[in-house]
Amino acid sequence: METKILSGRELSKKILENSRKKIKEFEKKGLRNPSLAVILVGDDPASEIYVARKHEACKEVGINSLDIRLPANTSFEEIREKIKMLNEDENVDGILLQLPLPRSLREKTLELIRIINPEKDVDGFTPFNFGSMAIGIEGAIMPCTVKGILELLRYYDINVEGKDCVVIGASNIAGKPLANVLINLFATVTVCHIKTRCLSKHTKHADIVISATGVPHLIKREMVKEGAVVIDVGITRVNGKVVGDVDFESMIGHASAITPVPGGVGPLTIAMLIENTIDCYTRRNVTGK
Ligand code: GUN
């Protein structure tokens, strides 16, 4: 079987180019450029890399990005006040709190997310936006990873309606929102997670397997049905090399389509952050909706 490689890099370039053009139009109309505040607490090396990519993409398309760095020992109250200040700032269109937070603050994650003004919530993580997405409200701000996967499936003409989809990982960032969106698209969805007893029992029968665990090479050929579509959301650094959740090489000639790591879902997540920022900007500054 021929295995199609689903390139997120190719599609993300087109999306970023389109975003750059949109922002040029705002500039021509004399409007200010969109702006995104990215808060990074602590010095987690993986988060440093992701955040650097987000700033680079902003620069590429003409979004002003504010690089807000706070030390790992910053208190909950200090972060809360920072978010409140950004909520009030008329010149800030989007607020992103990079996750995970340092260990000492982790249990406060949801409390901090809830403080972000939903109109500036470019991640779609606040209860209002997450709920709107889950119940299928059109135009709801969708988490960037989820939106990126949907764009990729659409671009390569892969329809999820009526398909058996297995999502591995139940995080608030990827697994949970993804499962909700797939249900709204009439897929039959199974969500596996850390307590799932026999993973392969579920994955073996799936038409589409989407893994978002961060466990390198968790998904192997024998766990996946021949001809299945495999989407790899994992990005983990092992001995200086970026690897996904899926044993990519073993899937060649077995899966009908697969996303590579790097160059699959990752670049699309960034492109969707740019789109969400432009959306928040447009709603606040152009359409007033
Ligand atoms: N950490 C890993 N992915 C994401 C994301 O999409 N948004 C935020 N805020 N943090 C993340």
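Sequence order as written defines the numbering, with residues in each chain counted from 1. Local features in this predicted model are restricted to residues of pLDDT 70 or higher, and side-chain atom pairs are both shown and tallied only at a pLDDT of 80 or more, whereas totals for entire chains, interfaces and linings draw on every residue. The basis for every side-chain value is the complete set of heavy atoms in the structure, and neither hydrogens nor water enter the calculation.

### Describing the pairing of strand β2 (residues 35-41)
Here's step 1: Buried means the residue's accessible area, taken with a 1.4 Å probe over protein chains only, is under 20% of the maximum for its type, while exposed means over 50%, and partly exposed covers the values in between. By definition, any uninterrupted DSSP run of H or I lasting at least four residues is a helix, any uninterrupted run of E lasting at least two residues is a strand, and each is numbered from the N terminus. Here β2 lies mainly inside the structure; seven of its seven residues are buried.
Here's step 2: Of the two faces of β2, the one lined by Ser35, Ala37, Ile39 and Val41 and the one lined by Leu36, Val38 and Leu40 are each fully buried.
Here's step 3: A pair of strands is labelled paired if DSSP reports no fewer than 2 bridges between them. As defined by bridge partners, β2 adjoins strand β3 (residues 64-70) across seven bridges and the pair is classed as parallel. Opposite valine 38, over in β3, you have aspartate 67 as the bridge partner.

### Here's the deal with the pattern of salt bridges
Pairing between side chains of opposite charge can happen when their charged atoms approach one another.
Here's step 1: Here, a salt bridge means any Lys or Arg side-chain nitrogen found within 4 Å of an Asp or Glu carboxyl oxygen. Evaluation of the coordinates by the stated rule reveals 13 salt bridges.
Here's step 2: A salt bridge links aspartate 67 to arginine 69; its shortest N-O distance comes to 3.0 Å.
Here's step 3: Arginine 80 is paired through a salt bridge with glutamate 81; the nearest N and O atoms lie 3.2 Å apart.
Here's step 4: On the basis of relative accessible area, arginine 80 is assigned to the partly exposed category, the value being 25%.
Here's step 5: Members of the salt-bridge network, linked through shared partners, are Arg32, Glu90, Asp93 and Arg284.

### Observations concerning the site of the ligand
Here's step 1: One heavy atom suffices: a residue is near a molecule or strand as soon as one of its heavy atoms comes within 4 Å of it. Inspection of the region around the ligand gives Lys54, Leu96, Leu97, Gln98, Leu99, Asp123, Phe125 and Ile173 as its neighbouring residues.
Here's step 2: Residues adjacent in sequence count toward polar contacts only when both atoms are side-chain atoms; beyond that, a polar contact is any pair of N or O atoms within 3.5 Å, and within protein one must be able to donate a hydrogen and the other to accept it. Taking glutamine 98, its side chain carries an N or O atom lying 3.2 Å from a nitrogen atom of the ligand.
Here's step 3: One of the side-chain nitrogen or oxygen atoms of aspartate 123 is found 2.7 Å away from a nitrogen atom of the ligand.
Here's step 4: Values of accessible area rely on a 1.4 Å probe in the Shrake-Rupley scheme; residue burial ignores everything except the protein chains shown. Starting from 280 Å² of accessible surface for the ligand in isolation, the protein chains cover 86%.
Here's step 5: The residue makeup of the shell around the ligand, split by class, is five nonpolar, one polar and two charged. Gly falls in the polar group here, along with every residue not listed as nonpolar (Ala, Val, Leu, Ile, Met, Phe, Trp, Tyr, Cys, Pro) or charged (Asp, Glu, Lys, Arg).

### Some thoughts on helix α2 (residues 45-61)
Here's step 1: Under the convention used throughout, the expected extent of a helix is 1.5 Å for every residue step, that is, one less than its residue count. Across its 17 residues, α2 extends 25 Å between first and last C-alpha, which sits within 8% of the 24 Å expected from 1.5 Å per residue.
Here's step 2: Within the span of α2, buried status applies to Ser47, Val51, Lys54, His55, Ala57, Cys58 and Val61. Looking down the long axis of α2, one finds its buried residues gathered within 160 degrees of arc, a one-sided arrangement. Across from the buried face of α2, at angles greater than 90 degrees, the exposed residues are Pro45, Glu56 and Lys59.
Here's step 3: By definition in these notes, contact holds between two residues if any of their heavy atoms fall within 4.5 Å. Packed against the buried residues of α2 are α1 (8-28), β2, β3, β4 (94-97) and α10 (265-285). Read the arc as the range of directions from the helix axis to the C-beta atoms.

### Structural notes on the side chain of aspartate 232
Here's step 1: Relative to the helices and strands, aspartate 232 resides in strand β8 (residues 229-232).
Here's step 2: Of note is the side chain of aspartate 232, whose polar atom sits 2.9 Å from the backbone nitrogen of aspartate 245.
Here's step 3: Polar contacts involving the side chain of aspartate 232 include one to the main-chain amide nitrogen of valine 246, which spans 3.0 Å.
Here's step 4: Non-local contacts of aspartate 232, meaning those with residues more than four positions away in its chain, are made with Ser211, Gly244, Asp245, Val246, Thr259, Val261 and Val265.

### Topic: the packing of α1 against helix α6 (residues 144-155)
Here's step 1: Here the axes come from fitting lines to C-alpha atoms, over the contacting stretch only for helices, and the angles between their N-to-C directions go from 0 to 180 degrees. Contact geometry of α1 with α6 gives a least axis separation of 11 Å together with a crossing angle of 100 degrees. Put simply, α1 runs roughly perpendicular to α6. Every residue of α6 that contacts α1 at Gly8, Glu10, Leu11 and Lys14 is listed here: Glu151, Leu152 and Tyr155.
Here's step 2: Taken together, the residues of the contact of α1 with α6 break down into three nonpolar, one polar and three charged. For classification purposes, angles smaller than 35 degrees are called roughly parallel, those larger than 145 roughly antiparallel, those between 65 and 115 roughly perpendicular, and all remaining angles oblique.

### Some details on the sheet that holds strand β6 (residues 188-192)
Here's step 1: Pairing is parallel in the open sheet, where six strands are placed in the order β1-β11-β8-β7-β5-β6. The open sheet is flanked by β1 (4-5) and β6, the only strands paired with a single partner.
Here's step 2: Bridge count for β1 against strand β11 (residues 257-258) is two bridges, and the pairing is parallel. Residue pairing for β11: isoleucine 5 is matched across the bridge by isoleucine 258.

### Brief notes about helix α3 (residues 76-88)
Here's step 1: With 13 residues, α3 should cover 18 Å at 1.5 Å per step; its first-to-last C-alpha distance of 19 Å lies within 8% of that length.
Here's step 2: Restricting attention to buried positions, one finds in α3 the residues Phe76, Ile79, Ile83, Leu86 and Asn87. Looking straight down α3, one finds its buried side chains confined to an arc of 105 degrees; they lie on one side. Away from the buried face of α3 by more than 90 degrees, exposed residues Met85 and Glu88 are located.
Here's step 3: For α3, the secondary structure elements touched by its buried residues are β2, β3, β4 and α4 (109-115).

### Remarks on the confidence of the model for the chain
Here's step 1: The predicted model of the chain has a mean per-residue pLDDT of 97, with 99% of residues at 70 or higher.
Here's step 2: Within the chain, strand β9 (residues 236-238) has the poorest average pLDDT of any element, 92, and strand β7 (residues 208-211) the best, 99. By definition, pLDDT measures how confident the predictor is in each residue, and it falls between 0 and 100.

### Examining the pairing of β6
Here's step 1: Strand direction decides the pairing type here: strand β5 (residues 164-168) and β6, joined by five bridges, are parallel. Bridging from a neighbouring strand, valine 166 pairs with threonine 190 of β6.
Here's step 2: Handedness is read with the strands pointing away from the viewer; a crossover is right-handed when the path from the first strand over the helix to the second is clockwise. Handedness of the crossover is the feature at issue here: the chain leaves β5, passes through helix α7 (residues 175-184), returns alongside β6, and the resulting connection is right-handed.

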